[in-house]
Amino acid sequence: MNTPSTAAHPPVVEAGPRPTQERRLVTAIPGPRSQELQRRKERAVSRSVGTVLPVYVEAAGGGVVVDVDGNSLIDLGSGIAVTTVGNAHPRVVQALAAQAAAFTHTCFMVTPYDGYVEVAEALNRLTPGAHEKRSVLFNSGAEAVENAVKIARAHTGRQAVVTFDHAYHGRTNLTMAMTAKNMPYKHGFGPFAAEVYRAPMSYPFRDGLPGPEAARRALDVIDKQVGAENLAAMVIEPIQGEGGFIVPASGFLAALAQWCRQHGVVFVADEVQTGFARTGAMFACDHEDVVPDLVVTAKGIAGGMPLAAVTGRAEIMDAPHVGGLGGTYGGNPVACAAALAVLATIEEEQLVERARRIGASLTERLTALQAADPRLGEVRGRGAMIALEVVEPGTLEPDADLTRRVAAAAHAAGLIVLTCGTWGNVLRFLPPLAMPDHLLVEALDVLEAIFEETR
Ligand SMILES: *Cc1c(COP(=O)(O)O)cnc(C)c1O
């Protein structure tokens with residue numbers, strides 16, 4: 001760069017100092033400055049955009065989020081499974097700052113750049129299966145899911161799409177149709193896209209079915225209500241996210257994938273929430289040795305920069321005509337630089353292994369808690385994607401009220417926890433993999449005390 005740097009245009013920045021790795025409460029949650037900002041938000045931002053925990057963020061990194069009042073909260077959400085490598089990871093910050101200083105956008109469809117190609121190469125290499133692959137980059141998970149459907153339709157010449165009970169695929173028109181839950185995602189927003197069908201999901205805690213049997217139940221519905229010859233794609237989250245961290249019974253995914261192969265249906269894994277080391281494997285499908293035709297990724301891919309992708313079999317990915325896919329921002333160079341830094345960090349810091357260890361600690365503590373508390377119906381998940389399903393003692397009856405109260409108490413105590421599930425009765429834990437052990441232990445101590453107090 002020839003221009004001298006000025007205060008207004010600083011040179012490539014250093015990552016800020018990592019916040020002290022501690023839980024620290026100096027005001028009530030939310031504090032006065034956050035409350036003031038929340039009042040401004042209510043006057044400026046549509047109420048349709050909700051707030052889980054109205055603390056306004058000043059800095060974040062490692063395992064904590066620091067708010068404008070000086071409180072430091074333990075992050076068990078990672079901005080919904082996004083900052084997997086840790087917030088503002090120095091390597092990611094350096095990479096995106098350097099790219100932003102070089103150029104911020106040209107539009108890959110106008111004058112391309114190598115970052116996009118390099119991300120595509122990495123995705124082709126890392127996603128399940130050794131076959132020849134291609135990738136396309138987009139801006140959000142929902143946009144990528146929509147494009148996976150476009151690709152499957154172009155490849156098969158068929159229209160129908162099947163998704164599952166409890167599924168979440170996004171908030172655009174087509175992905176609303178694919179999503180199962182009415183409130184808050186769909187209510188009042190119809191009509192929805194046509195040719196989307198729903199099949200029963202494997203939900204071991206509630207149906208008790210072995211995987212192959214649950215698959216037969218789903219495939220019978222699909223066969224009778226849709227017909228394989230009409231079906232372009234089956235789209236499934238290998239572990240459901242918003243639906244409640246539902247891990248299908250072993251063999252369920254493999255049976256579906258095999259049926260799709262037999263009938264020329266494109267099998268699409270929506271790994272938007274499960275991808276990139278989160279579950280203790282690079283992708284959740286790896287746990288079941290399932291090789292999808294197409295894999296959809298987003299969230300954890302680029303440390304919070306908007307980026308998403310569809311990756312899959314070359315002959316399917318190349319089915320749409322030239323110019324048929326794309327978008328102004330898809331594969332933005334700054335987002336691509338961040339993604340390459342994220343992927344290098346996962347490898348260098350052995351985060352797949354780290355996710356496994358976090359999962360083992362979470363599962364051990366929560367299972368011990370569950371053994372002594374009949375309100376905790378099930379502990380499930382893989383790696384750093386673990387959930388607690390809360391029920392009326394000893395039954396399958398969801399207890400959303402208790403779940404809400406526990407989440408609220410956790411927030412007040414300085415833990416960022418999220419809920420999910422069709423009935424809103426699941427507490428989910430998605431810590432950044434940069435979470436230090438002592439904070440994970442402290443978070444579980446706090447949670448245990450909250451469950452005691454809410455007896
Ligand atoms: C979050 C999510 C999406 C939608 O991603 P956006 O980037 O919010 O559009 C799609 N599928 C799954 C499984 C998700 O968790």
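The protein carries the name (S)-3-amino-2-methylpropionate transaminase in an unreviewed UniProt entry, which gives Nocardioides dokdonensis FR1436 as its organism. Checking UniProt for the protein, the heading Pathway (unreviewed entry) contains the comment "Amino-acid degradation; 4-aminobutanoate degradation." Looking at the protein in UniProt, the text filed under Cofactor (unreviewed entry) is "pyridoxal 5'-phosphate".

It is worth spelling out helix α1 (residues 32–44) at this point. With 13 residues, α1 ought to run about 18 Å at 1.5 Å a step, and its terminal C-alpha atoms sit 18 Å apart, in line with that. On its buried face, α1 sits against β2 (64–67).

Let us look at the pairing of strand β7 (residues 231–236). Among the six residues of β7, six are classified as buried, and the element is accordingly described as predominantly covered. As judged from the three bridges shared by strand β5 (residues 160–164) and β7, these two strands associate in the parallel manner. By the bridge assignment, valine 161 is partnered in β7 with alanine 233. One ladder, built from four bridges, connects β7 with strand β8 (residues 266–270); its direction is parallel. Directly across from isoleucine 236, in β8, lies its bridge partner alanine 269. In this fold, β7 hands off to helix α9 (residues 252–263), which returns the chain to β8; that crossover is right-handed.

A few words on the side chain of serine 72. When you line up the elements, serine 72 lands in strand β3 (residues 72–75). The exposure class assigned to serine 72 is buried, which follows from its relative accessible area of 0%. Polar contacts involving the side chain of serine 72 include one to the main-chain carbonyl oxygen of glutamate 22, which spans 2.5 Å. Beyond its immediate stretch of four places on either side in the chain, serine 72 contacts Thr20, Glu22, Arg23, Arg24, Val64, Val65 and Val66.

It is worth spelling out the packing of aromatic side chains at this point. Applying the stated criterion to the full structure yields six aromatic pairs. Seen in terms of ring centroids, phenylalanine 103 and tyrosine 113 are 5.7 Å apart; in terms of plane orientation they differ by 65 degrees. Their pairing is edge-to-face. On the criterion of sequence distance, the pair formed by phenylalanine 103 in the loop between α3 (90–102) and α4 (114–126) and tyrosine 113 in the loop between α3 and α4 is long-range, its members being 10 residues apart. Residues phenylalanine 108 and tyrosine 116 carry aromatic rings whose centres are separated by 3.7 Å and whose planes lie at 5 degrees to one another, so their mutual orientation is stacked. Judged by relative accessible area, phenylalanine 108 falls into the partly exposed class, the value being 22%. Residue classification places tyrosine 116 among the buried residues on the basis of a relative accessible area of 9%. Clustering of aromatic rings is evident, with ring pairs tying together Phe103, Phe108, Tyr113 and Tyr116. The ring of phenylalanine 192 is capped by lysine 186, whose NZ or CZ atom sits 5.1 Å from the centre of that ring. Taking the ring centre of tryptophan 423 as reference, the NZ or CZ of arginine 206 above it sits at 4.6 Å.

With that out of the way, let us pick up the environment of tyrosine 56. Among the structural elements, tyrosine 56 can be located in the loop between α1 and β1 (57–61). Linking tyrosine 56 and glutamine 35, residues 21 residues apart in sequence, is a C-alpha distance of 8.6 Å. Those residues in contact with tyrosine 56 that lie beyond four places of it in its chain are Ser34, Leu37, Gln38, Lys41, Val66, Asp67 and Val68. A distance of 2.6 Å separates polar atoms of two side chains, one belonging to tyrosine 56 and the other to glutamine 38.

About the thresholds
The numbering scheme is per chain: residues are counted from 1 as the chain's sequence reads. Restriction of local features to residues with pLDDT of at least 70 applies here, the model being predicted, together with a cutoff of 80 or more for giving and counting side-chain atom pairs; totals for whole chains, interfaces and linings are based on all residues. Hydrogens and water are ignored here; the side-chain numbers use all heavy atoms of the structure. UniProt positions are given in the numbering used here, feature names are shortened, and annotations may be inferred rather than shown by experiment. The secondary structure listing takes helices from DSSP runs of H or I that are at least 4 residues long and strands from runs of E that are at least 2 residues long, numbered from the N terminus. To estimate how far a helix should reach, multiply one less than its number of residues by 1.5 Å. Any two residues whose heavy atoms approach within 4.5 Å at even a single point are treated as in contact. Think of it in three bands: residues with accessible area under 20% of the maximum for their type are buried, residues over 50% are exposed, and the middle band is partly exposed, with areas taken using a 1.4 Å probe on protein chains only. A strand pair is defined by DSSP finding two or more bridges across the two strands. By convention, a crossover is right-handed whenever its connection, traced from the first strand over the helix to the second and viewed with the strands pointing away, goes clockwise. Polar contact criterion, stated in full: a pair of N or O atoms within 3.5 Å, where within protein one must be able to donate a hydrogen and the other to accept it, and residues adjacent in sequence count only if both atoms are side-chain atoms. Pairing of aromatic rings covers Phe, Tyr and Trp, the last through its six-membered ring, and needs centres within 6.5 Å; plane angles under 30 degrees mean stacked, over 60 mean edge-to-face, and all others mean tilted. To sit over a ring, a charge needs its Lys NZ or Arg CZ within 6 Å of the ring centre and within 35 degrees of the ring normal.

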